[in-house]
Amino acid sequence: MLTRYSALIFAAGLAFMLFVLFSGLPLGAPGMVVGQAVLDRAPAEVGAANIVTAVVLGYRGIDTMGELAILFAAATAIGLVLGRSRGSRHCPPAIQPGGFILRAGNDMLFPLLLVVGLYIILHGHLTPGGGFQGGVVLAAAFVLPVLARPTDMPSHAAMAWIEGLAGAAFILTGMAALAYDRAFLAPLLGTGEMGALVSAGTLPILYLAVGLKVGAELASLLLSLTEEGGD
Amino acid sequence: MTEFTLYTFLAASLGLIAIGIGGVILSRNLFRIVLALSIAEAGGNLLLVLIGFRHDAIAPIIEPGRALTTMVDSIPQAMVLTSIVIGAGVQALALALAIRARASYGTLDMGIMRARMEADINRVAGAESAASLHAPASSSTLLTERKA
Amino acid sequence: MNHSVLALVPALPLLASFLLPLVPGAARRLVGPLTLLAVAFIGLNLWPLVQTEPMVLAVGDFAPPLGITFYADSVSALFVIAVALVTLVLWPWSGSDAGNLDRKQSLTLILAGACGGLAVSGDLFNVYVFYELAAVASFGLAAGARTAAAQIATFRYVVIGSLCSLLALLGITLIYVQTGTVNLAHLAQLAPLKLHNPLGLAAFFMILLGLGVKAELFLVNTWAPDVYATAEARVSGLLAGLVSKLALLAVVRLLVLIFPLPEARDALLLLGMLGILSGEFAAFRARDVKRMLAWSSIAQLGAAFVAFAIPGPAGLAAGLAVALHHLLVKPALFLLADRWGGSLAQITGAARNSPVSAGLFVLFILSMLGVPPLPGFWAKYLLLSGLAAQPEGLWWLAGAIILLTTVVEAVYLFRVIGALYGRDHTVTPKTQSATAVIGSGVFAAVLLAVAFSAPLLALPLNRMAVQMADSAAYIARVLPPVLPGVAP
């Protein structure tokens, strides 16, 4: 009991301390030192209408590379922990097969989810959304069939190929800039016309790689957890 | 957005962080610990978005043909994307570890598991200790838990 | 040399780890070692270039501070080489299960990439990303022993790690709100105006606790003994030897560039002293060799924190010496303790079965204690003379604690030596594995080479420390005189 109360007091004290720390800050009117410079220069330097995309893939592209690697590391680590080695006996999970409504709904939703996911990814440099958000929708498209028809799961091998190739495509696109004597991850191919689908140089290619990678990564993550949870 | 809503958001994000950290300390159940972690991370992410907010500004997306107006800071938004992805990966890994640990120890109680872990480490090391008095893994607890 | 090679330090290992599961056949086993050799090659080429003038890369050609910058001085170059070579020595060459071996090799490559990124990154948020990447990879490797105990130990590690990362993220948020930038050079420029206040210090302490998890800082190091006792020896060596040093380097960069304040130094000094005390006494009480090594590693990193707390180049030189010495000694000891892990009774008489590795073990232990010709002595000497040069009582107290705990260290380490060469054994001790002997032999060779060339190394060490301490040069090198698009 004592630990409970002391933990509660600790949490309350922490909240108070954080509130004191943050309440004096200029909320609603940030200093915008680098932020304003990015807003001013991004249209000319990157050419993406969505400036968050310009930051994610341009100004802070290395962070995104790190993120992809974090997802890959998490999926690999989960594979290692849950320990179904490749090529070993495949136990079908003991989930009940879905009913008629779930199966029929899945059949209708699957193509729609694919289209929506790809649309969000390909318009990432123009509208809100992008590789991460679209990738999650793609992953949902491949996880939904697992609920409807647990007996035929998507194969891990195919996922592994998409994971590897999409991640490699991101880094290789970054390295391509070296051939033009530019710095790693420098945007190539010009900025194009602002707001057009084919614009912002290599950004759509990078976002496509991110989207496929995130989708495959999340799908294989969920599949590993499902296979294990079925025991 | 008025000052009042802004500070409500601030209080909410800090409150989520405090609830999450308190939850991690208070819970003994592995699954609840993971949940508390994700609550705390949600608070941190909300805070990060909040500091990029600017009064009378629009989302940082340029629409052709519209005059440029003030936009909110886009850098915290990019950072929060990163931090959400990191959180998702770490939480999935924690869940996988919890699943495995339950399969081998038959419980999700952190206290019992830590005692068992100590006993296991000491047994491998060949040193005996008070902790080894607990029943070894794969004994009765596992069966009762499974039935329950 | 194109400056973009700096970006290849993290990018090459990540690329290799993405592609490793797709490479067919026997070539798959070559991917990792070849990549690490390539990174080592980059590091070795970097080393002479950055001696006089550090190298700066604006990633994506975006002028700093808008984009992310990579910055390599001689310390970074040294750590890039160390990351590649130490990972190569501790590489998972073989395993019982091919699929799991692939995964371990992928994770090890990611760990190497993240550590390389930490060595060269010049952006606060980017440091956080690479730190998290190293964290996730090390969680996976720590759980890779696949025993139930390892999984629980790793779970606690994950919980402590992600809570403290959240704290670090809050610290970064606090810094960003006050300055509007996350570029280290830009922050260093703005710090005297905007960050040298209680809020800035609060942010520093949050980031210190966050990055301190991997650097085994006192308060957030409770995961270490359990993880090191349950993980594979290779992994313990990587975590204690390599990852902790890179986290330490990130903290020191912050301390030197942004928070060169007495309060920040005092915090490092106090936490370091507590780490030394708790580590040495817990190691004294530990009954099995692996946990003894884990606790003594906490104590030695505490000493490194104390050393880096000393102001000026003297402190950096001492800290680098302590950290690099620990980098050489601890992985080798973990490798040797793999087969001998266990109570002292289990290793009694082990020297008769495997005299070479017993001899290596004694060599490393003597260096750890600071017996004169060995590098450990020079590290301790630099540390103590640095502390003695300080005017105040707290520094001298730290020196006294280090001297006193050396006695404690000697007692428990000589207990192990006594057991190794003991006669009255009840259990036949296991013989050493070839990989452990070869791996620790490599470390021993480097250790002896350093011992014989110690007088020659004083000059480069000092030059590195002076270069690292010069924050004005860092700012001038990264930022152009007039910032593009940023109002002064």
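This one's a predicted model, so the numbers in the text were calculated from it and none came from an experiment. (Residues numbered from 1 in each chain as written. Chains lettered and ligands numbered in written order. Predicted model: local features only at pLDDT ≥ 70, side-chain atom pairs only at ≥ 80, totals over all residues. Heavy atoms only, no water.)

A. Expanded view of the overall build of chain A. Scanning chain A for helices and strands turns up eight helices and zero strands. What you see in chain A, going N to C, is helices and strands ordered as α-α-α-α-α-α-α-α. In terms of overall dimensions, chain A is more spread out than a globule: its C-alpha atoms have a radius of gyration of 22 Å, far above the 17 Å expected for 231 residues. A principal-axis box enclosing the C-alpha atoms of chain A has dimensions of 60 × 55 × 35 Å. (Helix = DSSP H or I, 4+ residues; strand = E, 2+ residues; numbered from the N terminus. Rg over C-alpha atoms; globule rule 2.2 N^0.38 Å.)

B. Expanded view of the pairing of strand β1 (residues 55-58) of chain C. Residues and elements named next belong to chain C. Residues of β1 alternate between two faces, with Met 55 and Leu 57 on one and Val 56 and Ala 58 on the opposite face, all of them buried. Both β1 and strand β2 (residues 69-72) contribute to a ladder of four bridges, which runs antiparallel. Along β2, the bridge assignment pairs Leu 57 with Phe 70. (Buried < 20%, exposed > 50% of the residue type's maximum accessible area, 1.4 Å probe, protein only. Pairing = 2+ DSSP bridges.)

C. Representation of the interface of chain C and chain B in the model. Between chain C and chain B, the residue contacts involve 36 residues of the former and 44 residues of the latter. A buried area of about 3,300 Å², summed over both sides, lies between chain C and chain B, and 79% of it is on carbon and sulfur atoms. A per-residue breakdown of the area chain C buries against chain B is headed by Ile152(C), Phe155(C) and Tyr176(C), which together make up 20% of the total. Linking chain C with chain B are one salt bridge, by the criterion used here. On the surface where chain C and chain B come into contact, there are three residue pairs in polar contact (both at pLDDT 80 or more). (Contact = heavy atoms within 4.5 Å. Buried area = accessible area lost by both parts, 1.4 Å probe. Salt bridge = Lys/Arg side-chain N within 4 Å of Asp/Glu carboxyl O. Polar contact = N/O pair within 3.5 Å; in protein donor to acceptor, adjacent residues only side chain to side chain.)

D. Expanded view of the side chain of Ser74(B). Assignment of secondary structure puts Ser74(B) in the loop between α2 (30-51) and α3 (75-105). On the accessibility criterion, Ser74(B) (0% relative accessible area) is buried. Sequence-distant contacts of Ser74(B), that is, excluding residues within four places in its chain, are made with Val38(A), Leu39(A), Ile51(A), Val52(A), Val55(A) and Pro60(B).

E. Seen up close, a nonpolar patch on the surface. All names here are of chain A. A contiguous nonpolar patch, built from Leu 118, Leu 122, Ile 162, Leu 208 and Leu 212 and spanning about 350 Å² of accessible area, is present on the exposed surface. Where the nonpolar patch is concerned, the elements lending two or more residues are α5 (100-122) and α8 (203-229). With respect to the helices and strands, the residue Leu 208 is situated in helix α8. (Patch = residues over 30% accessible without salt bridge, like charges linked within 9 Å, V, L, I, M, F, W, Y side chains within 5 Å. Areas by Shrake-Rupley, 256 points an atom, 1.4 Å probe, with all protein chains shown as cover.)

F. How the structure looks around the packing of helix α1 (residues 3-26) of chain B against α2(B). All names here are of chain B. With their axes 7 Å apart at the nearest point, α1 and α2 run at an angle of 155 degrees to one another. Between α1 and α2, the angle is such that the two are roughly antiparallel. Read as a crossing pair, α1 and α2 show a hand that is left-handed. Contacts from Leu 6, Phe 9, Leu 10, Ser 13, Leu 14, Leu 16, Ile 17, Ile 19, Gly 20, Ile 21, Gly 23 and Val 24 in α1 reach Ile 33, Ala 36, Leu 37, Ile 39, Ala 40, Gly 43, Gly 44, Leu 46, Leu 47 and Leu 50 in α2. Of the residues assigned to the contact of α1 with α2, the class counts are 17 nonpolar, five polar and no charged. (Axes fitted to C-alpha atoms, helices over the stretch in contact; angles between N-to-C directions. Parallel < 35°, antiparallel > 145°, perpendicular 65-115°, else oblique. Left-handed = near helix turned anticlockwise from the far one by under 90°. Nonpolar A, V, L, I, M, F, W, Y, C, P; charged D, E, K, R; others polar.)

G. A look at the packing of aromatic side chains. For the coordinates displayed, the defined rule picks out 14 aromatic pairs over all chains. Centroid distance Tyr59(A) to Phe62(C): 4.3 Å. Interplanar angle 40 degrees. Geometry classified as tilted. Residue Tyr59(A) is located in helix α3 (residues 51-59), and its partner Phe62(C) is located in the loop between β1 and β2; the two belong to separate chains. Comparing Tyr59(A) with Phe62(C) shows no difference in burial state: the two are buried. Plain terms: the ring middles of Phe377(C) and Tyr381(C) are 6.2 Å apart, the flat faces sit at 25 degrees to each other, and that makes the pair stacked. (Phe/Tyr/Trp six-rings, centres within 6.5 Å; stacked < 30°, edge-to-face > 60°.)

H. Just helix α2 (residues 33-45) of chain A, in detail. For α2(A), built from 13 residues, the straight-helix expectation of 18 Å at 1.5 Å per residue is met to within 8% by its first-to-last C-alpha distance of 18 Å. Its maximal kink placed at Leu39(A), α2(A) deviates by approximately 35 degrees, while the proline Pro43(A) follows within four residues. Those residues of α2(A) lying buried are Val33(A), Val34(A), Gly35(A), Ala37(A), Val38(A), Leu39(A) and Ala42(A). Looking at the packing, one finds that the buried side of α2(A) touches α3 of chain A, α3 of chain B together with α6 (148-179) and α7 (184-194) of chain C. At the C-terminal side of α2(A), Gly47(A) shows a positive phi close to 85 degrees. (Expected span 1.5 Å × (residues − 1). Bend = angle between axes of the 7 residues up to and from the residue.)

I. Spatial organisation of the interface of chain A and chain C. Taken together, the 55 residues of chain A in the interface contact 67 residues of chain C. Here chain A and chain C share an interface that buries about 5,000 Å² over both sides, 75% of which is from carbon and sulfur atoms. The interface formed by chain A and chain C holds one salt bridge in total. Close ionic contact of Arg60(A) with Asp123(C) constitutes a salt bridge, the shortest N to O distance being 2.5 Å. Only α1 (2-23), α2, α3, α4 (61-82) and α7 (156-179) of chain A provide two or more residues apiece to the side of chain A that touches chain C. The leading source of residues in the side of chain A that touches chain C is α4(A), at 16 residues. Residue composition of the side of chain A that touches chain C, by class: 36 nonpolar, nine polar and ten charged.

J. A look at the pattern of salt bridges. Applying the stated criterion across every chain, the model contains 15 salt bridges over all chains. Put simply, Lys213(A) and Glu217(A) hold a salt bridge, and the shortest N to O gap is 3.2 Å. Residue Lys213(A) and its partner Glu217(A) are located together in helix α8, separated by four residues, close to a single helical turn. Of the charged contacts, one joins Arg477(C) and Glu53(C) as a salt bridge, the two residues approaching to 3.6 Å between their closest N and O atoms. With Arg477(C) in helix α21 (residues 471-478) and Glu53(C) in the loop between α2 (28-49) and β1, the pair connects residues that are 424 residues apart, well separated along the chain. Taken together, the shared-partner salt bridges in this structure form one network comprising Arg60(A), Asp63(A) and Asp123(C).

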